[in-house]
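Chain by chain, the residues:
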Amino acid sequence: MNDTQQQRSVLVFGARNLGRAVVEGLRADGWAVAAVARSESTLATARAAGALAMQGDITDPDSIREALSRTAEAHGAVDLVVNAASAYGGTRSGPFGGGPLAQAAPTAFDDWAAAPGRAAFTFLSAAGRFAVEQARPATLIQVTGGSARRAMPGRGLWAAGAFAVRAITQAAALELREQGIHVALLIVDAGIEPFEGGGREGVDRAALADPRQIAEAVAFLADQGARAATHELQVTPLAERWVP
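Note that the coordinates shown come from a computational prediction; the quantities given were computed from them, not determined experimentally. Starting from 1, residues in each chain are numbered consecutively following that chain's sequence as written. Whole-chain, interface and lining totals are the exception, using all residues; otherwise, since this is a predicted model, local features are given only for residues with pLDDT of at least 70 and side-chain atom pairs are given and counted only at 80 or more. Note: side-chain values were computed over all heavy atoms of the structure, leaving out hydrogens and water.

Draft legend 1. Inspection of the sheet that holds strand E2 (residues 32-37) at higher detail. Judged by pairing direction, the sheet is parallel, and its seven strands sit side by side in the order E3-E2-E1-E4-E5-E6-E7 without closing on themselves. Sheet topology places strand E3 (52-55) and strand E7 (232-235) at the edges, where each strand pairs with a single neighbour. For this sheet, the mean inter-axis angle between neighbouring strands, taken without regard to orientation, is 15 degrees. Where strand E4 (residues 80-83) lies against strand E5 (residues 138-145), four bridges are found, and the strand directions are parallel. Note on E5: the bridge partner recorded for Val82 is Ile141. In what follows, a contact means two residues having at least one pair of non-hydrogen atoms within 4.5 Å. Angles shown run from 0 to 180 degrees and are taken between the N-to-C directions of axes, each axis being a line fitted to C-alpha atoms and, for helices, limited to the stretch in contact. Secondary structure elements follow DSSP: runs of H or I no shorter than four residues count as helices, runs of E no shorter than two count as strands, and numbering proceeds from the N terminus. Taken strand by strand, helix H3 (residues 61-75) contacts strand E1 (9-13), E2, E3 and E4, and its axis lies near 155 degrees from that of E1. Against the sheet, helix H4 (residues 108-134) contacts E1, E4, E5 and strand E6 (181-188), and its axis sits at roughly 170 degrees relative to E5. Note on pairing: DSSP must find at least two bridges between two strands before they are called paired.

Draft legend 2. Inspection of the pattern of salt bridges at higher detail. What makes a salt bridge here is a side-chain nitrogen of Lys or Arg within 4 Å of a carboxyl oxygen of Asp or Glu, nothing more. Per the stated rule, a full pass over the model turns up ten salt bridges. The closest approach of N and O atoms between Arg8 and Asp223, which form a salt bridge, is 3.0 Å. Of this pair, Arg8 sits in the segment before E1 while Asp223 sits in the loop between helix H6 (211-222) and E7, and the two are 215 residues apart along the sequence. Per-residue accessibility, obtained with a 1.4 Å probe over protein chains only, is compared with the maximum for each type, and a residue is labelled buried under 20%, exposed over 50%, and partly exposed between these values. Under the relative-accessibility criterion, Arg8 is labelled partly exposed at 34%. Arg20 is the partner of Glu196 in a salt bridge, and the nearest nitrogen-oxygen pair spans 3.2 Å. With Glu196 in the loop between E6 and H6 and Arg20 in helix H1 (residues 18-28), this residue pair connects regions lying 176 residues apart in the sequence. Judged by relative accessible area, Glu196 falls into the exposed class, the value being 62%. Accessibility expressed as a relative area gives 19% for Arg20, which makes it buried.

Draft legend 3. Seen up close, the packing of aromatic side chains. Any two rings among Phe, Tyr and Trp, with Trp reduced to its six-membered ring, count as a pair given centres within 6.5 Å; such a pair is stacked if its planes are under 30 degrees apart, edge-to-face if over 60, and tilted if neither. Under the definition given, this model contains four aromatic pairs. When the ring of Phe13 is compared with that of Phe123, the centres are 6.0 Å apart and the planes differ by 70 degrees; the resulting orientation is edge-to-face. Of this pair, Phe13 sits in strand E1 while Phe123 is found in helix H4, placing the two residues 110 residues apart along the sequence. By relative accessible area, which is 0% here, Phe123 ends up buried. An angle of 55 degrees between the planes, with centres 4.9 Å apart, marks the rings of Phe96 and Trp158 as tilted. Note that Phe96 is positioned in the loop between E4 and H4 and Trp158 in helix H5 (residues 156-176), a separation of 62 residues in sequence. Classification of Phe96 as partly exposed rests on a relative accessible area of 40%. Through a chain of ring-to-ring contacts, the aromatic side chains of Phe96, Trp112 and Trp158 assemble into a single cluster. Each ring is checked for a lysine NZ or an arginine CZ that lies within 6 Å of its centre and within 35 degrees of its normal; such an atom marks a charge sitting over the ring. The ring of Phe195 is capped by Arg212, whose NZ or CZ atom sits 3.9 Å from the centre of that ring.

Printed below as a string of C-alpha cells:
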C-alpha cells in the first residue's frame with residue numbers, strides 16, 4: 001500500500017482457527033483488521049495480532065450490526081466481512097451428522113440442520129444491509145464445508161444445514177451484486193488443521209486443509225474487481241478425494 005491508497009478494512013467473525021489465519025494474513029498484508037469471537041482467549045489472540053477485538057455472537061443480528069459499526073468507526077469503513085464462525089444448535093448427540101434418517105431422534109433436525117442456515121441468514125442479512133447503507137463496494141464471504149455440495153449416508157441432516165448456507169449465500173450474491181457488493185461462498189472440502197499445527201488424531205495430516213492457505217483464498221476473493229467475481233470457491237487438499 002502506498003501513501004495515496006486508503007488502508008482497507010476487514011471484519012472477521014470467528015477468529016479461533018481459520019479466522020485467526022485470516023486475521024494474521026490480512027494484517028500482514030496491511031489491512032486494518034477487526035475480529036469477533038465469543039471466548040476471551042480467542043479475543044486475546046486477535047489483539048496480539050493487532051486486531052480490534054470484540055466479543056459477539058454470529059447468531060445475533062444486533063451483535064453483528066454493533067461489530068460492523070464499531071469497525072467502521074475505528075477504520076473509516078468496512079471493505080470485507082468474513083464469517084468463519086461455527087454455529088451449532090441443540091445437543092448434537094449421537095452419530096456425527098445426525099445418523100441415518102430412519103433412526104434419527106425427533107430433535108435431530110434442530111440439533112444438526114437448523115443452526116448453520118440460520119447463522120448464515122443472520123450474517124448475510126445484517127452484513128448485507130450494512131453494506132448497502134454504506135454505499136460503497138464491499139465483499140462478504142461466507143465459509144462452509146464440503147457437505148454444501150453433496151450429502152453422505154448418515155450425514156443428511158448435517159448436509160441439509162450446509163445446503164441451506166449455500167442457497168442463502170447464492171441468493172445474497174444475486175441480490176447484492178448490482179449494488180457493487182460481492183458475495184462469495186468459500187467451500188472448504190476437508191477438515192481444517194488447527195492453527196498451531198500437529199494435525200488431528202486419526203486423520204492423515206496431508207488430507208487436512210492448511211488454515212493459512214485458506215486465508216490466501218479469502219484474500220483472492222477480496223481482491224476481485226467489479227468486472228469479474230467468483231461467487232463460489234472450493235478448496236480441497238490434494239490428498240483428499242475431490243468430487244466434481
